[in-house]
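Working through the structure, step by step
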Amino acid sequence: QQQVKQSPQSLIVQKGGISIINCAYENTAFDYFPWYQQFPGKGPALLIAIRPDVSEKKEGRFTISFNKSAKQFSLHIMDSQPGDSATYFCAASTVGDYGQNFVFGPGTRLSVLP
Amino acid sequence: NAGVMQNPRHLVRRRGQEARLRCSPVKGHSHVYWYRQLPEEGLKFMVYLQKENIIDESGMPKERFSAEFPKEGPSILRIQQVVRGDSAAYFCASSPPTGRNTEAFFGQGTRLTVV
């Protein structure tokens, strides 16, 4: 399993602010980069995902920025809301001989203050 | 259209007992991943299985832990002689057998408490 680094470990943002979470990888074979959102007591759920052939993907208030040359990608949450308070995991995957392999970052705990 | 089903949701075991955690993947998915999540921490990869095969078990402790995904039935994560340090949430995810850029679907997890 190749490592995916994620920062910060925790993040506190005021309501209406921008939350930014960064991830970095080393394995250039990774070709799919999903972000998962996990609320307390629940399993992670897919939030948004990007492929390396695009530099940005936006879905509502959530945007992924992807820098292939730097092997970095980030999640931006615009107009952050208290309901966004959760743990966010970036991931990277590639298709191996037996199927798709996922590697997760360690997670970022986001708290949005009202 | 059931998602990944894990049971039990909560499991309490005394030290030295065995814990069996079950995961039924999304219908048609043949790949299963097990992750462990300690309180206040991220997801730690344990094992990646395909039907009847262990593809990658690099995250599994060498002793007491085993996993299987038989041809029929759910995937099982088995922890023998549990210790307090095994207390954690264990998540299972599944993905389809083929295709690129497909989502891994997670279950709700099994919260194991060792007393």
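Above: the structure in question.
Since the model is a prediction, treat every value here as computed from it, not as a measurement.

Looking at the overall build of chain A
Tallying secondary structure elements over chain A gives zero helices and eleven strands in all. Each helix (α) and strand (β) of chain A, taken in turn from the N terminus, gives the series β-β-β-β-β-β-β-β-β-β-β. A globule of 114 residues ought to have a C-alpha radius of gyration of about 13 Å, and chain A, at 14 Å, matches this closely. Principal-axis analysis of the C-alpha atoms places the extent of chain A at approximately 45 × 30 × 20 Å. Evaluated residue by residue, chain A yields a buried proportion of 46% over its 114 residues. Pairs at least 24 residues apart make up 54% of the contacts formed inside chain A by residues separated by at least 6 positions. Accessible area for chain A stands at about 5,400 Å²; split by element, carbon and sulfur atoms hold 48% of it.

Some details on the nonpolar core
Side chains of nonpolar character tend, in soluble globular proteins, to be buried together. Residues A:Val4, A:Phe33, A:Trp35, A:Phe73, A:Leu75 and A:Tyr88 are the most contacted members of the largest nonpolar core, which totals 25 residues. When residues in this core are grouped by element, the largest group, four residues, is from strand S9 (residues 86-96) of chain A. Core analysis: the next-biggest nonpolar cluster, separate from the first, contains 23 residues, B:Ala19, B:Met46, B:Ala67 and B:Tyr90 among them.

Points about the environment of B:Glu40
All names here are of chain B. On the secondary structure map, Glu40 appears in the loop between strand S4 (31-37) and strand S5 (43-50). Among the residues examined, Glu40 registers a relative accessible area of 60% and is labelled exposed. Measuring from C-alpha to C-alpha, the distance between Glu40 and Phe106 comes to 18 Å, with 66 residues separating the pair along the chain.

Things to note about unusual backbone geometry
The omega torsion across A:Ser7 and A:Pro8 is -5°, close enough to zero to call that bond cis. Relative to the helices and strands, A:Pro8 resides in the loop between strand S1 (4-7) and strand S2 (10-14). The amide bond that connects B:Asn7 to the next residue, B:Pro8, takes the cis arrangement and shows omega of -5°. Within the secondary structure layout, B:Pro8 lies in the loop between strand S1 (5-7) and strand S2 (10-13). Even without being glycine, B:Arg64 reaches a positive phi, approximately 75°. If you check the backbone angles, B:Gln81 has positive phi at about 45° while not being a glycine. By the element assignment, B:Gln81 lies in the loop between strand S8 (75-79) and strand S9 (88-95).

Some thoughts on the state of the cysteines
The bond known as a disulfide is covalent and runs between the sulfur atoms of two cysteines. Counted under the stated rule, the structure contains two disulfides over all chains. Between the sulfur of A:Cys23 and that of A:Cys90 lies a disulfide, 1.9 Å long from S to S. Negative torsions about the S-S bond denote left-handed disulfides, and the value of about -100° found for A:Cys23 with A:Cys90 makes this one left-handed. A residue pair is termed long-range when its members are at least 10 positions apart, and A:Cys23 in strand S3 (residues 19-25) and A:Cys90 in strand S9 qualify at 67 residues. We note that A:Cys23, like A:Cys90, is buried. Between the sulfur of B:Cys23 and that of B:Cys92 lies a disulfide, 1.7 Å long from S to S. With the S-S bond torsion at -50°, the cross-link from B:Cys23 to B:Cys92 turns out left-handed. Highlighted residues: B:Cys23 in strand S3 (residues 19-24) and B:Cys92 in strand S9, separated in sequence by 69 residues.

The rules we used
- Here the residue index of a chain counts from 1 through its sequence in written order.
- The naming scheme follows written order: chains are lettered A onward, ligands numbered 1 onward.
- Local features are withheld for residues below a pLDDT of 70 in this predicted model, meaning they are given only at 70 or higher, and side-chain atom pairs are given and counted only at 80 or more; totals for whole chains, interfaces and linings count all residues.
- Note that the side-chain values use all heavy atoms of the structure and ignore hydrogens as well as water.
- Only runs of H or I of at least four residues qualify as helices and only runs of E of at least two qualify as strands under DSSP, and these elements are numbered from the N terminus.
- Within these notes, the globule rule equals 2.2 Å times the number of residues to the 0.38 power, and the radius of gyration is based on C-alpha atoms.
- The rule is simple: take the accessible area with a 1.4 Å probe, protein chains only, and divide by the maximum for that residue type; under 20% is buried, over 50% is exposed, in between is partly exposed.
- Residues count as neighbours in contact if any of their non-hydrogen atoms are within 4.5 Å of one another.
- Note on areas: Shrake-Rupley with a 1.4 Å probe; residue coverage comes only from the protein chains shown.
- Note on terminology: a nonpolar core comprises buried Ala, Val, Leu, Ile, Met, Phe, Trp, Tyr and Cys residues joined through side-chain atoms within 4.5 Å.
- Whenever a pair of cysteine sulfur atoms sits within 2.5 Å, that pair is classed as a disulfide.

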